[in-house]
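Observations on the model geometry
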Amino acid sequence: MQNTALIIVDMQVGMSWPAPGERNNHQAEQVIAGLLGRWREHGAPVVHIRHMSRTPGSPFWPGQRGAEFQPALAPVAGEHIVEKNVPDAFINTGLERWLHARGISSVLVLGVSTNNSVEATARTAGNLGFKTYVAADGCYAYAQTDFDGVRRSPQEVHAMALSNLHGEYATVIQARDAISQLLFK
């Protein structure tokens, strides 16, 4: 039985709008679609995470177009959907219980943004004892000003978030390695 779940974080229509700002890894959606296709081919477990904002007027407020899944990455019948209100997909969602009930012991996390919902979800997955992987080329980040007032490029933000995760909470890999190491193990 396949015990590595593919967890796709916040790949919603609003994330594809220009408003969020300058980002890195413009191939992330293609990488995610490729992994999603392979997981589906093998009948492996897929979880789609959707952020539902608590802030009125947010593009991710329930019922807004921005809260919908991007069509190319939308769930199909049988794939699990988790709605969250905070960056971490494990908080108040039942995700941990769903994974354990299916005997899933490892997860591959990807999506947006690397330093926010991806990092928060991967940290908790690791802390909960799941063997956690993050596909570096299957997620992306936005430019951000750090606490010292220094503007950091999207690639710097992405790289630091991956560095925060690797070896402590997760193993950071590339999508091609995820297919060979996780899907066919």
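Look up: the structure comes first, before these words.
All values reported here derive from a predicted model rather than from experimental measurement.

1. Quick look at the packing of aromatic side chains
Evaluation of the coordinates by the stated rule reveals 2 aromatic pairs. The interplanar angle of 80° and the centroid separation of 5.8 Å between the aromatic rings of Tyr140 and Tyr142 together place this pair among those described as edge-to-face. Residue Tyr142 is classed as buried on the basis of its relative accessible area, which comes to 12%. In this arrangement the basic side chain of Arg23 is found over the ring face of Tyr140, its NZ or CZ atom lying 3.4 Å from the centre.

2. Notes on the pairing of strand S1 (residues 4–9)
Along S1, 6 of the 6 residues are buried, which leaves the element largely enclosed by surrounding structure. Here S1 shows two buried faces, one formed by Thr4, Leu6 and Ile8 and the other by Ala5, Ile7 and Val9. Note: S1 against strand S4 (residues 106–112), 6 bridges, orientation parallel. Residue pairing for S4: Val9 is matched across the bridge by Gly111. Relative to strand S2 (residues 46–51), S1 runs parallel, the two sharing 4 bridges. Among the inter-strand pairings, Leu6 is bridged to a residue of S2, identified as Val46.

3. Observations regarding the layout of surface pockets
Counted as a void, the largest pocket has a volume near 240 Å³. Asp10, Met15, Ser113, Asn116 and Ser117 are the residues nearest the centre of the largest pocket, which is lined by 15 residues in total. Take the lining of the largest pocket: its biggest share by element is 3 residues, from helix H3 (residues 114–127). Considered class by class, the residues forming the lining of the largest pocket number 7 nonpolar, 6 polar and 2 charged. The volume enclosed by the second largest pocket comes to roughly 180 Å³. Contributing to the lining of the second largest pocket are Asn115, Gln144, Thr145, Asp146, Arg152, Glu156, Val157, Met160, Ala161 and Asn164. Every element with two or more residues in the lining of the second largest pocket is listed here: strand S6 (144–145) and helix H4 (154–165). Sorting elements by how many residues they give to the lining of the second largest pocket places H4 first, with 5 residues. Classifying every residue of the lining of the second largest pocket gives 3 nonpolar, 4 polar and 3 charged.

4. Notes on the sheet that holds S2
A sheet is described by the order of its strands in space; here 6 strands give the open sequence S3-S2-S1-S4-S5-S8, paired in parallel fashion. The open sheet has two edge strands, strand S3 (80–84) and strand S8 (171–173), and neither has a second partner. Averaged over all neighbouring strand pairs, the angle between strand axes comes to 25°, with direction disregarded. Of the pairings in the sheet, the one linking S2 to S3 comprises 5 bridges and is parallel in character. Each bridged residue has a counterpart across the sheet, and for Val47 the counterpart in S3 is His80. In this fold H3 packs onto S1, S3, S4 and strand S5 (131–140), with an angle of close to 170° to the strand it touches most, S4.

Reading the values: the criteria
Residues numbered from 1 in each chain as written. Predicted model: local features only at pLDDT ≥ 70, side-chain atom pairs only at ≥ 80, totals over all residues. Heavy atoms only, no water. Phe/Tyr/Trp six-rings, centres within 6.5 Å; stacked < 30°, edge-to-face > 60°. Buried < 20%, exposed > 50% of the residue type's maximum accessible area, 1.4 Å probe, protein only. Lys NZ or Arg CZ within 6 Å of the ring centre and 35° of its normal. Helix = DSSP H or I, 4+ residues; strand = E, 2+ residues; numbered from the N terminus. Pairing = 2+ DSSP bridges. 1 Å grid on protein atoms, 1.4 Å probe; cavity = no way out; pocket = protein on both sides within 12 Å on 5 of 7 lines; lining within 4 Å. Points joined across faces, edges and corners; volume = space filled by probe spheres on them. Nonpolar A, V, L, I, M, F, W, Y, C, P; charged D, E, K, R; others polar. Axes fitted to C-alpha atoms, helices over the stretch in contact; angles between N-to-C directions. Contact = heavy atoms within 4.5 Å.

Any link to function would need more than the numbers given here.
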